[in-house]
Amino acid sequence: MDDEPSVRKVLTTLLLQAGVSCSAAANPHEALTMLEKTSFEAVISDLRMGATSGFDLLREVRARYPKVAFLMATGVDDVRVGVHAMKEGANDYLLKPFDIDVVLASLQRALERKHLEREVENYRQHLEDMVSQRTQELQAAMTELEHSHSATLEALGSAIDLRDGPTAGHSRRVLLYSMKIAEKLGGLENQLRTLGMGAWLHDIGKLAIPDAILLKPGALNAQERQIMQRHVEIGYDLIKGIPFLAEAAEVILAHHERHNGSGYPRGLSGEGSPVCARIFAVADSFDAMTSDRPYRSALSPDTARSVILSGRGELFCPEIVDAFLAVDEDARQLISAGSQTASINKIISGDRLGFDLRSGALTSRATQSGMPAS
């Protein structure tokens, strides 16, 4: 493109003689019209053309035809402007009067560069497509794995309920209580899954306890109590070898430890016991006291809360007791109502769990806030 007919004729003739097919335009508008109608690999444009400028065409070509090479033609006095044109997106600049060998060499370099850019872009696109495909495959695999984990958890929990019929629903309730206590404490988002799985499977070791002891209607003697207490270690040994449950196994092992070190099996005290186990110990004690057992009737919730409060700082971690007492009655009623129907996988997978008091349904706060749930 050049506004001088003689310049257009000379360069067009030189290029055609060199075997390069080309067309000529007198101004940016004419050049853009030609680009719309015909596919071109490169544009050679004069820099100065009266009221218009080669920069006008450069901006349009770069915006609308990014794959087209662009060379700016300048006079000797405009070399700096030519360099500036390259900074603005031109591939090279040519000096007038034209030397056909220089023009062809510059044109070849520009076309090779554009070809390389297209190859890089194609590779980048291919890489993005490949990453996207792999990501979808990974997400599908993770979903399948999550379903497998969920089915495993449900099956193990059902086995516990079948084995210990009188306490059916206990595991779901203590799971929900534990989550609510953790929510009140705050700052435990990264440990909720471990807490949930440990709470759900805390009694799995009872599968190995004889019926005569597990279902005994009266108090256990010393030997029977010793056998019963082994359920935490049995449960730990059953679960610790399953990779996705390995951390939860620690909750199973430590859920009967006490704040003053009087618990079992290791006599851990204070913060020596995992925080998830300390949370669960309060939830488990409350639900055990407020549920009918073969050897006694349930206590009232107020009585059970009083017992837990009296053990604050002795049997139970003070901060966790305070968080437990802050769980309101509406939440406790919903926990009781959801003890048979709440989805274990949804509870455990939620980033933060809450209760929709208006509908009475267990919900994920991640969903309520518009954030994607896990």
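Numbering of residues starts from 1 in every chain and runs along the sequence as written. In keeping with the model being predicted, local features are shown solely for residues with a pLDDT of at least 70 and side-chain atom pairs are shown and tallied solely at 80 or more, while totals for entire chains, interfaces and linings include all residues. Side-chain descriptors were evaluated using all non-hydrogen atoms of the structure, hydrogens and water having been removed beforehand.

(A) Quick look at the overall build of the protein. By the criteria applied, helices consist of DSSP H or I runs no shorter than four residues and strands consist of E runs no shorter than two, each listed in order from the N terminus. Secondary structure summary: the protein contains 17 helices and seven strands in total. Summary of the burial criterion: residues with accessible area below 20% of their type's maximum are buried, those above 50% are exposed, and those between are partly exposed, where the area comes from a 1.4 Å probe applied to protein chains only. The buried share of the protein, reckoned over its 374 residues, is 42%. The contact criterion used throughout is that any non-hydrogen atoms of two residues lie within 4.5 Å. Counting only contacts in the protein whose residues sit at least 6 apart along the sequence, the fraction spanning at least 24 positions is 61%. With an accessible surface of roughly 19600 Å², the protein has 54% of that area assigned to carbon and sulfur atoms. For the area figures, the Shrake-Rupley method with a 1.4 Å probe applies, and any residue is considered shielded solely by the protein chains shown.

(B) Just the layout of surface pockets, in detail. Method remark: on a 1 Å grid restricted to protein atoms, a set of points is classed as a cavity if a 1.4 Å probe fits but cannot get out and as a pocket if it is open with protein on both sides within 12 Å along at least five of seven lines; lining residues have an atom within 4 Å of a point. Grid points are joined across faces, edges and corners, and a volume is the space filled by probe spheres set on the points. Volume-wise, the second largest pocket comes out at about 600 Å³. Around the second largest pocket sit 29 residues that line it, and Cys22, Ser23, Ala42, Val43 and Ile44 are the ones nearest its centre. When residues of the lining of the second largest pocket are traced back to their parent elements, those giving at least two are helix 1 (5–17), helix 2 (28–37), strand 1 (42–46) and helix 5 (100–163). Think of it as three bins: nonpolar holds Ala, Val, Leu, Ile, Met, Phe, Trp, Tyr, Cys and Pro, charged holds Asp, Glu, Lys and Arg, and polar takes everything else, Gly as well. Of the residues in the lining of the second largest pocket, the class split is 20 nonpolar, five polar and four charged.

(C) Just the nonpolar core, in detail. Core analysis: the largest hydrophobic core is formed by 40 residues, its most contacted members being Ile181, Leu201, Ile239, Ile279, Val282 and Ile308. Listed by contribution, the elements that provide at least two residues to this core are helix 5, helix 6 (170–185), helix 7 (192–200), helix 11 (246–254), helix 12 (275–289), helix 13 (301–310) and helix 14 (318–325). By residue number, the principal contributor to this core is helix 12, which donates eight residues. With near-sequence residues (within four places) excluded, Ile181 lies in contact with Ile279, Val282, Ala283, Ile320, Ala323, Phe324 and Val327. Within this scheme, the nonpolar core is defined by two criteria: the residues are buried Ala, Val, Leu, Ile, Met, Phe, Trp, Tyr or Cys, and they are joined through side-chain atoms within 4.5 Å. In terms of nonpolar packing, the next biggest core, distinct from the first, is built from 18 residues, Met1, Ala25, Phe55 and Ala90 among them.

(D) Structural detail: empty space enclosed by the protein. Taken as a whole and assessed by the stated rule, the structure comprises two cavities of 30 Å³ or more. Volume-wise, the second largest cavity comes out at about 70 Å³. For the second largest cavity, the full set of lining residues is Glu257, Arg258, His259, Gly270, Ser273, Arg278, Ala281, Leu315, Phe316 and Cys317. Of the residues contributing to the lining of the second largest cavity, the split by class is four nonpolar, three polar and three charged.

(E) Layout of the packing of helix 12 against helix 14. Simply put, an axis is a line fit to the C-alpha atoms, just over the touching stretch for a helix, and the angle between two N-to-C directions goes from 0 to 180 degrees. Packing of helix 12 against helix 14 leaves a shortest axis separation of 10 Å and a crossing angle of 50°. When the axes of helix 12 and helix 14 are compared, the pair comes out oblique. The two elements helix 12 and helix 14 cross, and the hand of that crossing is right-handed. Residues Val275, Arg278, Ile279, Val282 and Phe286 of helix 12 form the contact with helix 14, whose own contacting residues are Ile320, Val321 and Phe324. Residue composition of the contact of helix 12 with helix 14, grouped by class: seven nonpolar, no polar and one charged. Here the angle decides the label: under 35 degrees means roughly parallel, over 145 means roughly antiparallel, 65 to 115 means roughly perpendicular, and every other value means oblique. The sense of a crossing depends on the near helix, which, turned anticlockwise from the far helix by less than a right angle, makes the crossing left-handed and, turned clockwise, makes it right-handed.

(F) Representation of the sheet that holds strand 1 in the model. Strands pair, by our definition, only if DSSP identifies at least two bridges between them. Strand order in the open sheet formed by three strands is 1-4-5, with parallel pairing between adjacent strands. Of all the strands in the sheet, just strand 1 and strand 5 (92–95) have a single pairing partner and so form its edges. Within the sheet, the average angular offset between the axes of one strand and its neighbour, ignoring direction, is 25°. Here five bridges tie strand 1 to strand 4 (residues 69–74), and the two strands are oriented parallel to one another. Residue pairing in the sheet places Ile44 in a bridge with Leu71 of strand 4. Seen against the sheet, helix 3 (residues 54–64) touches strand 1 and strand 4 and runs at an angle of roughly 175° to strand 4.

(G) Inspection of the packing of aromatic side chains at higher detail. Working definition: rings of Phe, Tyr and Trp (its six-membered ring) pair if their centres are within 6.5 Å, and the pair is stacked with planes under 30 degrees apart, edge-to-face with planes over 60 apart, and tilted otherwise. Overall, the coordinates contain two aromatic pairs when judged by the stated rule. The rings of Tyr177, Phe286 and Phe324 are connected pair by pair, giving a single aromatic cluster.

(H) Representation of a nonpolar patch on the surface. A contiguous nonpolar patch, built from Tyr123, Leu127, Met130 and Val131 and spanning about 360 Å² of accessible area, is present on the exposed surface. Take Val131: it is sitting in helix 5. Patches in this entry comprise residues that are over 30% relatively accessible and not in a salt bridge; like charges within 9 Å are linked, as are nonpolar side chains (Val, Leu, Ile, Met, Phe, Trp, Tyr) within 5 Å. In what follows, salt bridge is the name for a side-chain nitrogen of Lys or Arg lying within 4 Å of a carboxyl oxygen of Asp or Glu.

(I) Summary view of the pairing of strand 5. In strand 5, alternate side chains face the same way, and those of Asp92 and Leu94 are buried while those of Tyr93 and Leu95 on the opposite face are not. Bridging between strand 4 and strand 5 involves four bridges; their strand directions are parallel. Looking at the pairing, Thr74 lines up with Leu95 of strand 5.

(J) Helix 6, seen in detail. If you check helix 6, its first and last C-alpha atoms are 22 Å apart, about what 16 residues at 1.5 Å a residue would give, namely 22 Å. With 14 of 16 residues buried, helix 6 is to be regarded as a mostly interior element. Expected helix span is taken as 1.5 Å per residue step, with the number of steps being one fewer than the number of residues.

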